[in-house]
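# Structural description and commentary
Listed below, chain by chain, are the residues.
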Amino acid sequence: MTPFSIAGIQMHVSASYSNLPVMKHKIEVMMSVYPWVEMVVFSELAPFGPLTYHAQEFPNDSEKEFCEIAKKHGIWLVPGTMFQKKEDKIFNTASVINPQGEVVGRYNKMFPFYPYEVGVTGGDEFLIFDVPKVGRFGLTICYDMWFPETSRTLAVNGVEVILHPTLTATIDRDIELAIVQATAATNQCFIFDINGLGDGGTGRSIICGPDGRVLHQASTGEELIPIEIDIERVKRSREMGVLRLGQPLKSFRDRNVSFDIYKEGAKTPYLSTLGQLNKPTRLNQIKEALETDVPIQEAPTVLQSWMNKLKP
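Below you will find a few notes about this structure.

What counts as what
Residues numbered from 1 in each chain as written. Predicted model: local features only at pLDDT ≥ 70, side-chain atom pairs only at ≥ 80, totals over all residues. Heavy atoms only, no water. Helix = DSSP H or I, 4+ residues; strand = E, 2+ residues; numbered from the N terminus. Contact = heavy atoms within 4.5 Å. Areas by Shrake-Rupley, 256 points an atom, 1.4 Å probe, with all protein chains shown as cover. Lys, Arg positive; Asp, Glu negative; His and termini not counted. Charge placed at Lys NZ, Arg CZ, Asp CG, Glu CD. Core = buried A, V, L, I, M, F, W, Y, C linked by side-chain atoms within 4.5 Å. Buried < 20%, exposed > 50% of the residue type's maximum accessible area, 1.4 Å probe, protein only. Polar contact = N/O pair within 3.5 Å; in protein donor to acceptor, adjacent residues only side chain to side chain. Salt bridge = Lys/Arg side-chain N within 4 Å of Asp/Glu carboxyl O. Pairing = 2+ DSSP bridges. Axes fitted to C-alpha atoms, helices over the stretch in contact; angles between N-to-C directions.

So, on to the overall build of the protein. Across its full length, the protein holds 9 helices and 15 strands. Referenced to the eigenvectors of the C-alpha coordinate spread, the extents of the protein come out at roughly 75 × 55 × 40 Å. Taking as baseline every contact in the protein between residues at least 6 positions apart, the subset at least 24 positions apart corresponds to 66%. In the structure as shown, the protein presents an accessible area of about 16400 Å², 55% of it carried by carbon and sulfur atoms. When the 31 positive and 37 negative side-chain charges of the protein are each reduced to one mean point, those points stand 3 Å apart.

On to the nonpolar core. With 30 residues, the main nonpolar core has Met39, Phe137 and Leu163 as its most contacted residues. Residues within four places of Leu163 in sequence aside, it is in contact with Met39, Val41, Val78, Phe129, Phe137, Gly138, Leu139, Thr140 and Phe192. If you look at the next biggest cluster of nonpolar residues, it comprises 23 residues, including Val13, Met30, Val40 and Ile75.

Glancing now at the side chain of His164. Tracing the backbone through its elements, the reader meets His164 in strand S10 (residues 161–165). Looking at His164, the relative accessible area reads 1%, which means it is buried. A distance of 3.2 Å separates the side chain of His164 from the backbone oxygen of Cys142, its partner in a polar contact. When near neighbours in sequence (up to four residues on either side) are disregarded, His164 contacts Thr140, Ile141, Cys142, Met145, Ile191, Phe192, Asp193 and Ile194.

Okay, the pattern of salt bridges next. Taken as a whole and judged by the stated rule, the model has 16 salt bridges. Residue Arg173 pairs with Glu176 through a salt bridge whose shortest N-O separation is 3.0 Å. Of this pair, Arg173 and Glu176 both sit in helix H4 (residues 173–187), 3 residues apart, roughly one helical turn. According to the relative accessible area criterion, Arg173 is buried, its value standing at 2%. For Lys263, the salt bridge identified is with Asp260, shortest N-O distance 3.2 Å. A relative accessible area of 48% means that Lys263 is categorised as partly exposed. Three or more residues joined by partner-sharing salt bridges are found here, namely Glu44, Lys109 and Glu117.

On to the sheet that holds strand S8 (residues 128–131). A sheet is described by the order of its strands in space; here 6 strands give the open sequence S8-S9-S10-S11-S13-S14, paired in mixed fashion. The open sheet has two free edges, formed respectively by S8 and strand S14 (214–217), since each of these has just one partner strand. This sheet shows a mean twist of 15 degrees between the axes of neighbouring strands, independent of strand direction. Looking at chain direction, strand S9 (residues 135–139) and S10 are connected through 3 bridges and run parallel. From the neighbouring strand, Leu139 faces S10, where its bridge partner is Leu163.

As structure tokens, this is what we get:
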């Protein structure tokens, strides 16, 4: 058995002011009540909320404060993410801090939530790090998980625990919960999906094991989520199969197929037919009405009918 204790913190996040004092307080409470916790993970954009107005260069004073508190308690710390200014771009960046208070790596979200996360550039490098005598960890952030290539790349490189800070305040949270379970099972790993509250999401953080089963699902209130996991469960699943059945990573390794869509320069004509990556608007419906094949004398009537449908 290789036990390791990870705690998610689901808390209210404001976009109007710094959340650092509350985050530090939550860590103090966590370590007082659960002194056995070895790693703490917050939700996406927990320190300052989801406005790029708060973007700053790295390293910065906020990250330094997190380093100090990680060292004080001797814990691994992923303090959610912050918007990073880098040259003329903005990234959504997660820092990983070790128990010595050192930043061991930073990960830039690969798939910003376009077309809604306007002005944010996607990263192009994975972050994988080892916790000595425990196992291998990796990060994805929010929308990254909708692209199975991200989690599969981590798993193929030996990652046993995926840390997944997220900010979901939309009605697709149920879909994301299903994706977390499926991702845990198909990659045979633990996943800690930590969501925020208020400006930081609608909660319902979820932790899943390497068989896809839910270890804990939070409600929609503030919650400390300390979970002790056994890394050996990942090794056992990957050796014997999910519930002693499917062995997806071995099958991926032994596949006969080469996926042409991933080859450099591959043509994907169907994807080109899907149009621009824009927010849906009522103008799209008007455009469809105008493109409808109807006699010209009937066009005003058809258009008026569509306009009536679009009224609130």
